[in-house]
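# Architecture at a glance
Here is how the chains run, residue by residue.
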Amino acid sequence: MLALTKKTDYALIALAELAKRAEAVVSAREISKRYGVPLALLTNILKGLNRAGIVKSERGAYGGYRLARPAECVNLNELITAIEGPFQFVRCATSEVEHGQHNCELEPSCPIRLPAHRIRDRLTRLLEGVTLAELVGAEEASGSQKGVAPVMVTLKSNRIAHSTS
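Residues numbered from 1 in each chain as written. Predicted model: local features only at pLDDT ≥ 70, side-chain atom pairs only at ≥ 80, totals over all residues. Heavy atoms only, no water.

## Focus: the overall build of the protein
Counting its secondary structure elements, the protein contains seven helices and four strands. Relative to its 165 residues, the protein shows a buried fraction of 36%. In the protein, of all internal contacts separated by at least 6 residues, the share reaching a separation of at least 24 is 60%. (Helix = DSSP H or I, 4+ residues; strand = E, 2+ residues; numbered from the N terminus. Buried < 20%, exposed > 50% of the residue type's maximum accessible area, 1.4 Å probe, protein only. Contact = heavy atoms within 4.5 Å.)

## Concerning the packing of helix α1 (residues 6-20) against helix α4 (residues 76-84)
In a packed pair of helices, the relevant descriptors are the angle between the two axes and the axis-to-axis distance. Contact pair α1 / α4: the axes reach a minimum separation of 10 Å and the direction vectors enclose 130°. Judged on the interaxial angle alone, α4 and α1 are oblique. Classified by chirality, the crossing of α4 by α1 is right-handed. Mapping the contact onto sequence places Lys7, Thr8, Ala11, Leu12 and Leu15 in α1 and Leu76, Leu79, Ile80, Ile83 and Glu84 in α4. Considered class by class, the residues forming the contact of α1 with α4 number seven nonpolar, one polar and two charged. (Axes fitted to C-alpha atoms, helices over the stretch in contact; angles between N-to-C directions. Parallel < 35°, antiparallel > 145°, perpendicular 65-115°, else oblique. Left-handed = near helix turned anticlockwise from the far one by under 90°. Nonpolar A, V, L, I, M, F, W, Y, C, P; charged D, E, K, R; others polar.)

## Details of the pattern of salt bridges
For the structure on display, the rule yields six salt bridges. For the salt bridge of Glu17 with Arg34, the shortest nitrogen-to-oxygen distance reads 3.0 Å. Highlighted residues: Glu17 in helix α1 and Arg34 in helix α2 (residues 28-35), separated in sequence by 17 residues. Arg34 sits in the exposed class, given a relative accessible area of 55%. Close ionic contact of Arg21 with Glu30 constitutes a salt bridge, the shortest N to O distance being 2.7 Å. Overall, the relative accessible area of 25% leaves Arg21 in the partly exposed class. Here the residues in one salt-bridge network are Glu17, Arg21, Glu30 and Arg34, joined through shared partners. (Salt bridge = Lys/Arg side-chain N within 4 Å of Asp/Glu carboxyl O.)

## Considering the pairing of strand β2 (residues 64-67)
Summarising the sheet, strand β1 (residues 55-58) and β2 pair through four bridges and their orientation is antiparallel. Counterpart to Ser57 in the pairing with β2 is Tyr65. With antiparallel pairing between neighbouring strands as the criterion, β1 and β2 make up a hairpin whose turn holds five residues, including Gly60 at a positive phi of roughly 115°. (Pairing = 2+ DSSP bridges.)

## Some points on α2
Taken together, the buried positions of α2 are Ala28, Ile31 and Ser32. End-on, the buried residues of α2 take up no more than an arc of 100°, which puts them together on one face. Facing away from the buried surface of α2 by more than 90 degrees, the exposed residues are Arg29, Lys33 and Arg34. Backbone geometry just downstream of α2 places Gly36 in the positive-phi region, at approximately 70°. (Arc of directions from axis to C-beta.)

## Quick word on the nonpolar core
Within the largest apolar cluster, 34 residues are counted, with the highest numbers of intra-cluster contacts made by Leu15 and Leu49. Put simply, the parts of the chain that give this core at least two residues each are α1, α2, α3 (39-51), β2, α4 and α6 (132-136). No other element matches the eight residues that α1 contributes to this core. Excluding residues that lie within four positions of it along the chain, Leu49 makes contacts with Ala11, Leu15, Ile54, Val55, Leu79, Ala82 and Ile83. (Core = buried A, V, L, I, M, F, W, Y, C linked by side-chain atoms within 4.5 Å.)

Below, the structure is given as structure tokens:
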């Protein structure tokens, strides 16, 4: 089963709040209190999202975070990559070869290597096609696109279920 960590769950919660309040600067403390997310962990998550260019931080007495760009311009793949690192379906299906060596000793003769790469590519495209606006389901965050089936993502016990209505 593919599952995301609590860090990604918390990032999605924070980003949903920022998307719903797109014009406001929201403090990590406020998000933490509202949703029961541990403040120290949330602060680290938001710093990572800031480094990835997904959110902007604003300093000062009334500082906090806001989305760096509209919610419809942030996709699930970049969010997961910012928090978890690059998506990896199976160990050999990464784009990296460490120190000139394969990631798996079976890789040169493995019969599922190429299909696994294709699956990883499909999953990556799927994740790239899901925007924060769709996750939030907020018309004010998404700009309400006609003719597009809404996508619902349910966060439950470190798992994401993806369905279209």
